[in-house]
Every structure is written in C-alpha cells, then in structure tokens.
Amino acid sequence: MATKRPKKKSGSASRPAPVAMDINAVAKRAGVSIATVSRTINHVPTVDPQLAKRVWEAINELNYFPNTQARGLVSGRSRLLGLIVSEITNPFFPELIQGFEEVAVESGYEILVSSTNYDPNRMSLCIRRMLERNAEGVAIMTFGIEEPLLEQLANRNVPIVTVDVGPYRPGFSLLKVDYRHGIRQGVQHLAALGHRKIAFISGPTRLHSAQSRLSAFTSSLNECGIPSDPAWVVNGDHTLEGGIAAMEKVLAGSRVPTAVMCSNDMTAIGVLHKAFRAGLRVPAELSVIGFDDIHMARVTIPPLTSIHMSRLDLARAAVMALRAHLEGTSPEREYKIDTYLVVRETTGYPQGSMEDLPIAGIRQPGGPNAK
C-alpha cells in the first residue's frame, strides 16, 4: 500500500514574494515615469512640484533608499560637500560638523568630513580624500590655510570656502568672523566691573584666527585706557591642557591679574581647572572669559562667560557659499559671521573693589555727612 505523503504546510510557500525596492517600484507607486523619479531624486529643478511630491511620498511609503553612487553616475554629480576641520576633540568642531550636515542634507547634499589635527601633512591627505571622492565643493574650517594645498583644489575647479583669509580668485569665498566686536564687548565688560589687570591666553600663533583675537584684545585694552602688560600675554594651543599650562605661567609671575580672557573656551576651562587647584575662587578672586560659547560653557562650574560665535551661522554660510558656486547663483566674496558676549557667572568685581564703596545709610569718613 502506498503511503500518503504529508501535505505541505501553508507558510513560506504561500507567502508573496517580496517586492523589489527599486526605482521601478517607486515609479509605479507614484504613477510617474522612471525618468521623473530619477530627476526628482537628483533634485532637478524643472520637475513639476506636484509630481516630485508624489515621488517623495512613494519613496517614504516603500522605505526606498536611493543609491547615491548610482545617482552620481547618472547625473554626473556626486552631490558631496567636503568639510575639513582642525580636530574633533574640541567640542566646537563636532557642533560645527552637526550644523554643516543638517544644512547640507536639507539642501540635497551629503558630506565628507576630515580632520587635520593641526598637522599640515594631514591637510594634504584630507584634500586628497576630497579629490578622490569627487567632492563638488570643500569648506576648509581649520581657521588657518596652506596656500599651496588650496591650489590642488583650485586647479580642478573645486569651489572652496575658507575662514578669515584666502586668495582673491574665482571659486573662493571667505567666512569673515568679526572677532573684534565680541572681544571688545568682553574687555569693556571687565573694565566696567573695575578690572585693570587683565591677562590674555592666545591660541597657536600660526593660526590667523588666534592672531586676530589677540589683536582685537590689545586694541580693546587701548580703547579702555588699560595698559597692556606683555607678561600677561601667554601663548596657548586651544586645548584644555594648554589652558592649564598657560595659567601656571600666569600664576608664576610676580604680579597676578584679576581677570583672564582666553582665545577659546577649552583654554578657559583649563584656566578654571588650574584656578580651582590653586585655591582661587572664580569670580571672587579671578574673572575668566572664553571664546566660542560651546555648549559645555553653560555647564562648567561656575558657568563660563564667553564670546559667542555661532557654529550654525558658520555652517549655514559655508553651505550657502558652496551652493552658490555650484549652482550659479552669484556667490558672494565674503560672508560675515558676528560675535557677541554672553555673560554668565565667571566674571565679577575684582577682589576688594567693593570695600571703598559707601553702604546705604552709613556715613563714611570724609563723606558729605561727616562732621
């Protein structure tokens, strides 16, 4: 007798085959041609807005992820923007990268990030990466440039955005940071509190931004009639450890200042650390001002008074400039970046400055009520 074979269980054999998530499926779902889907994905401006809306809705419904490399081969464009920064351990730069990516993605671009770690040799490697990956434009946000290296990009007609300085030629735009306004506010703030002994810890002297901040500090002191003491101008390196080392030099001098202004916030945080270790109360015995106003400045103890320079403004201006070069919308030569003082809790009156002030209701010797 023949044995009966068991019936196949309904299951995988009865399941419908998964739908291939490709450009054809998107076109079918949106009710448009494959060419329309392709032009929409590649952000071709001539696509009818209603059709483009249907395409993006279909993409979302199908959870379709366009192949960016394939798009580049079809369109001849990588839609990739490069961003070169000095380092990623300083919170300033991750905040800048985040803003740059947000603005770039909103504009239909991807980003490629590279860090030099303040090493000129690494800068050369960074630029090589940008060229190998076919970046359409590059923002060099290292606050210092190497002219010969920029030629590698310029010779290939790659638009470039730099900070503070750069050659006057087609394809270049500058982000001009107004260091003087914020630093002038900082010096005036200290002067109004009564400080006359103010030190400055600079950044690396090879950086144009560090030179500009020191120059703004010196000129602001002169405006306020405060003498500049060379012994109170100490070189730093924009790191926390550099701030500690610089503050050690300041405290080792024969005269100790009542306030310290720093070229960036990481330096200022190092100063706060050294002041704490040295038993100096901030701001009762030492006032401290940073520069950048990174997010961490709000949560130091005490919260750091700092000069604000918006990372989002830098990122937005950089992407705007690169897009203007790439899309032919009359790029500007310069984009101004503002700075301003944010007062928190690391600045106060110099120690002892309140002792000579009259107290309400009490007659002071030699005062108008003296007999």
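Preceding this section is the structure that the text describes.
About the criteria used
Residues numbered from 1 in each chain as written. Predicted model: local features only at pLDDT ≥ 70, side-chain atom pairs only at ≥ 80, totals over all residues. Heavy atoms only, no water. Helix = DSSP H or I, 4+ residues; strand = E, 2+ residues; numbered from the N terminus. Buried < 20%, exposed > 50% of the residue type's maximum accessible area, 1.4 Å probe, protein only. Polar contact = N/O pair within 3.5 Å; in protein donor to acceptor, adjacent residues only side chain to side chain. Contact = heavy atoms within 4.5 Å. Pairing = 2+ DSSP bridges. Axes fitted to C-alpha atoms, helices over the stretch in contact; angles between N-to-C directions. Salt bridge = Lys/Arg side-chain N within 4 Å of Asp/Glu carboxyl O. Phe/Tyr/Trp six-rings, centres within 6.5 Å; stacked < 30°, edge-to-face > 60°. Expected span 1.5 Å × (residues − 1). Arc of directions from axis to C-beta. Parallel < 35°, antiparallel > 145°, perpendicular 65-115°, else oblique. Left-handed = near helix turned anticlockwise from the far one by under 90°. Nonpolar A, V, L, I, M, F, W, Y, C, P; charged D, E, K, R; others polar.

Caption draft 1: Quick peek at the side chain of threonine 300. Position of threonine 300 relative to the elements: it lies in the loop between β9 (287–292) and β10 (305–309). Note on threonine 300: relative accessible area 12%, which makes it buried. Engagement of the side chain of threonine 300 in a polar contact is seen with the backbone nitrogen of leucine 304, the distance being 3.1 Å. Excluding its chain neighbours within four sequence positions, the residues that come into contact with threonine 300 are Ile269 and Leu272.

Caption draft 2: Molecular detail of the sheet that holds strand β4 (residues 160–163). The parallel open sheet is built from six strands, whose spatial order is β2-β1-β3-β4-β5-β11. Edge positions in the sheet fall to β2 (110–115) and β11 (334–337), since each has one partner strand and no second. This sheet shows a mean twist of 20° between the axes of neighbouring strands, independent of strand direction.

Caption draft 3: Inspection of the pattern of salt bridges at higher detail. Taken as a whole and assessed by the stated rule, the structure comprises 14 salt bridges. Note that aspartate 178 is salt-bridged to lysine 336, the shortest N-O span being 4.0 Å. In this pair, aspartate 178 is assigned in the loop between β5 (172–177) and α8 (179–193) and lysine 336 in strand β11, connecting sequence segments 158 residues apart. When salt bridges with common partners are traced through the structure, they connect Asp178, Lys336 and Asp338 into a single cluster.

Caption draft 4: Highlighting the sheet that holds β9. Strand order in the open sheet formed by six strands is β7-β6-β8-β9-β10-β12, and the pairing between neighbours is mixed. A single partner strand is all that each edge strand has here, and the edge strands are β7 (233–234) and β12 (339–342). Across two bridges, the pairing between strand β6 (residues 198–201) and β7 is parallel. By the bridge assignment for β7, isoleucine 201 is matched with valine 234. Along the sheet, α8 makes contact with β6, β8 (259–262), β9, β10 and β12, crossing β12 at roughly 25°.

Caption draft 5: Examining the environment of valine 343 more closely. The topology assignment puts valine 343 in the segment after β12. With a relative accessible area of 48%, valine 343 lands in the partly exposed category. The sequence separation of valine 343 and isoleucine 307 amounts to 36 residues, and the corresponding C-alpha distance is 8.4 Å. When neighbours within four sequence positions are excluded, valine 343 is seen to be in contact with His189 and Thr305.

Caption draft 6: Region of interest: the packing of aromatic side chains. Summed over the entire model, instances satisfying the criterion amount to five aromatic pairs. With 5.2 Å between their ring centres and 85° between their planes, phenylalanine 92 and phenylalanine 93 make a pair best called edge-to-face. Take phenylalanine 92 and phenylalanine 93: they sit in the same class, and that class is buried.

Caption draft 7: Seen up close, helix α5 (residues 92–106). Look at α5: 22 Å from first C-alpha to last across 15 residues, which is about the 21 Å you get at 1.5 Å a residue. Taken residue by residue, α5 has Phe92, Phe93, Leu96, Ile97, Gly99, Phe100, Val103 and Ala104 as its buried positions. For α5, the angular spread of the buried residues around the axis is 165°, confining them to a single face. Residues of α5 that are buried sit in contact with β1 (80–85), β2, β3 (137–141), β9, β10 and α12 (311–327).

Caption draft 8: Quick peek at the packing of helix α1 (residues 23–30) against helix α3 (residues 49–62). Look at α1 against α3: their axes get within 9 Å of each other, and the N-to-C directions meet at 120°. The angle between α1 and α3 falls in the class oblique. Judged by the sense of rotation from one axis to the other, the crossing of α1 with α3 is right-handed. Residues Ala25, Val26, Arg29 and Ala30 of α1 form the contact with α3, whose participating residues are Arg54, Val55, Ala58, Ile59, Glu61 and Leu62. Residues belonging to the contact of α1 with α3 are distributed by class as follows: seven nonpolar, no polar and three charged.

Caption draft 9: View of the side chain of threonine 40. Locating threonine 40 in the fold gives a position in helix α2 (residues 34–41). Here threonine 36 takes part through its backbone oxygen, which lies 2.8 Å from a polar atom of the side chain of threonine 40. Excluding residues that lie within four positions of it along the chain, threonine 40 makes contacts with Val47, Ala52, Val55 and Trp56.

Caption draft 10: The packing of helix α10 (residues 240–252) against helix α11 (residues 265–277), seen in detail. Their axes nearest at 7 Å, the elements α10 and α11 cross at an angle of 55°. Viewed along their axes, α10 and α11 adopt a mutual orientation that is oblique. Here α10 runs over α11; the crossing is right-handed. On α11, the residues touching Leu240, Gly243, Ile244, Met247, Glu248 and Leu251 of α10 are Met266, Thr267, Ile269, Gly270, Val271, His273 and Lys274. Looking at the contact of α10 with α11 residue by residue, the class counts come to seven nonpolar, four polar and two charged.

Caption draft 11: Examining unusual backbone geometry more closely. Here the amide bond leading from valine 282 into proline 283 is cis, since omega sits at 10°, within 30 degrees of zero. In this structure, proline 283 sits in the loop between α11 and β9. In the segment running from isoleucine 301 into proline 302, the intervening peptide bond is cis, with an omega of -5°. Positive phi, close to 125°, is recorded for aspartate 292, a residue that is not glycine. In this structure, aspartate 292 sits in strand β9. If you check the backbone angles, serine 330 has positive phi at about 55° while not being a glycine.

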